[in-house]
Structures are given as C-alpha cells and as structure tokens.
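# Fold and geometry: a report
Residue-level listing of the chains:
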Amino acid sequence: MSFEEVGKQFVEYYYKTFDENRAALAPLYRDHSMLTFEASGILGTAAIVEKLQNLPFQQVQHRTDTLDAQPSGQNGVLVLVTGALLVEGSDRPMSFTQAFNLQQENGSYYVLNDVFRLVYPAA
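Note that this is a predicted model, so its numbers are computed, not measured.

### Considerations on the overall build of the protein chain
- A count of helices and strands for the protein chain gives 2 helices and 6 strands.
- Reading the protein chain from its N end, one meets helices and strands in the order α-β-β-α-β-β-β-β.
- Against the globule reference of 14 Å for 123 residues, the protein chain gives a C-alpha radius of gyration of 14 Å, in line with a compact fold.
- The C-alpha extent of the protein chain, read off along each of the three principal axes, is 40 × 30 × 25 Å.
- Taken across its 123 residues, the protein chain has 37% of its residues classed as buried.
- Taking the intrachain contacts of the protein chain between residues at least 6 apart in sequence as the baseline, contacts between residues at least 24 apart amount to 44%.

This is the structure we're talking about:
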C-alpha cells in the first residue's frame, strides 16, 4: 500500500471513530505516543484517550478538506489534515489542522505523534 493510501485510509478511520466513539481510538496510540492539543502536551495512550474523552462536547462532526501524506523515517507516514469541525450546540464550524506521524508496527500503523490546532481567522 502506498503512503498516500495509508494516509487516506487512516484519516477516514480516525475521524469516523473520533466522531462516533473516542475511546475506540486507544488502539491507535502507544505508551510512548504524544498528542499536542492546542499547545498542551499529553504522553501515553491512557492520558491521550482521557484528554479526547474529556473535551467539552459530546458530539462532533469532522470534515476533512485537505490531506497531504509523505513517507517518513523507518516506513512511517507523515499526514497533514486541514478541515472543519462542528460541535453540538454550535451552528458555526471551526477550522482545524492536525498532523499525524504514523509508524509501522507488525504490519499496521500506530500514531507516534499527533498535533492538533484550531485555526482562527486572521485579524
């Protein structure tokens, strides 16, 4: 499978799972994985899933607008996503960008690094 296909399949799975059941994202992370969420660093599967489950909304819908993928390191894939998310109780989508560093392990991929940022309109 090409790195582009890996990136596309991963992104489709990740956001579908995030929108339906964030706890089910746990198998995508490892104890040495790191999430940076709006400048706050979180290390390890349990802490990452706890952060995702305790976001201040229950329902969310992600829309991906762009997806770029590159090969990285030892059979890894770097993925950059831009898009919008709509949280419950809001009628205005928020723009976001998210980068994933996927690493290969036993024939599949896990998230080594995950960086998420909301993108605010320029002043």
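And the narrative resumes.
### Concerning the side chain of D114
- Mapped onto the fold, D114 is located in strand β6 (residues 108-119).
- No salt bridge forms around the buried D114; measuring N to O, its nearest opposite-charge neighbour R117 is 11 Å away.
- Side-chain polar atoms of D114 contact the side chain of Q98, separated by 2.7 Å.
- Dropping the residues within four chain positions of it, D114 is found in contact with Y14, Y29, M34, L35, T36, Q98, A99 and F100.

### A word on the packing of aromatic side chains
- Taken as a whole, this structure holds 9 aromatic pairs when the rule is applied.
- Within the aromatic cluster, the residues linked to one another by ring pairs are F10, Y14, Y15, F18, F37, F96, F100 and F116.

### A word on the nonpolar core
- Core analysis: the biggest nonpolar cluster contains 29 residues, and F10, Y14, F18, Y29, L52, F100 and L102 have the highest contact counts within it.
- Mapped onto this core, the elements with two or more residues apiece are α1 (3-20), β1 (29-37), α2 (45-53), β3 (60-72), β4 (76-87), β5 (94-105) and β6.
- In terms of residue count, α1 provides more of this core than any other element does, 6 residues in total.
- Beyond its immediate sequence surroundings of up to four residues, F18 is in contact with L25, L52, L55, F57, V60 and H62.

How each quantity is defined
- Think of each chain on its own: its residues are numbered from 1, step by step along the sequence as written.
- For a predicted model such as this one, the threshold for reporting local features is a pLDDT of at least 70, and the threshold for listing and counting side-chain atom pairs is 80 or more; totals across whole chains, interfaces and linings nevertheless cover every residue.
- Each side-chain value is worked out from all heavy atoms of the structure, with water and hydrogens disregarded.
- Here a helix means four or more residues in a row that DSSP labels H or I, a strand means two or more in a row labelled E, and each is numbered from the N terminus.
- Between the two quantities, the radius of gyration covers C-alpha atoms and the globule rule is 2.2 Å times the number of residues to the power 0.38.
- Buried, partly exposed and exposed residues are distinguished by accessible area as a fraction of the type maximum, computed with a 1.4 Å probe on protein chains only: under 20%, between the cut-offs, and over 50%, respectively.
- Contact definition: two residues touch when any of their heavy atoms are within 4.5 Å.
- Positive: Lys, Arg. Negative: Asp, Glu. His and the chain ends are not part of the count.
- One speaks of a salt bridge when a side-chain nitrogen belonging to Lys or Arg is within 4 Å of a carboxyl oxygen belonging to Asp or Glu.
- Distance and chemistry together define a polar contact, namely a pair of N or O atoms within 3.5 Å, with one atom able to donate a hydrogen and the other to accept it when in protein, and with adjacent residues in sequence counting only for side-chain atoms on both sides.
- Aromatic contacts are taken between Phe, Tyr and Trp rings whose centres are within 6.5 Å, Trp giving its six-membered ring; a plane angle under 30 degrees counts as stacked, one over 60 as edge-to-face, and the others as tilted.
- Take the buried residues of types Ala, Val, Leu, Ile, Met, Phe, Trp, Tyr and Cys, join any two whose side-chain atoms come within 4.5 Å, and each joined set is a nonpolar core.

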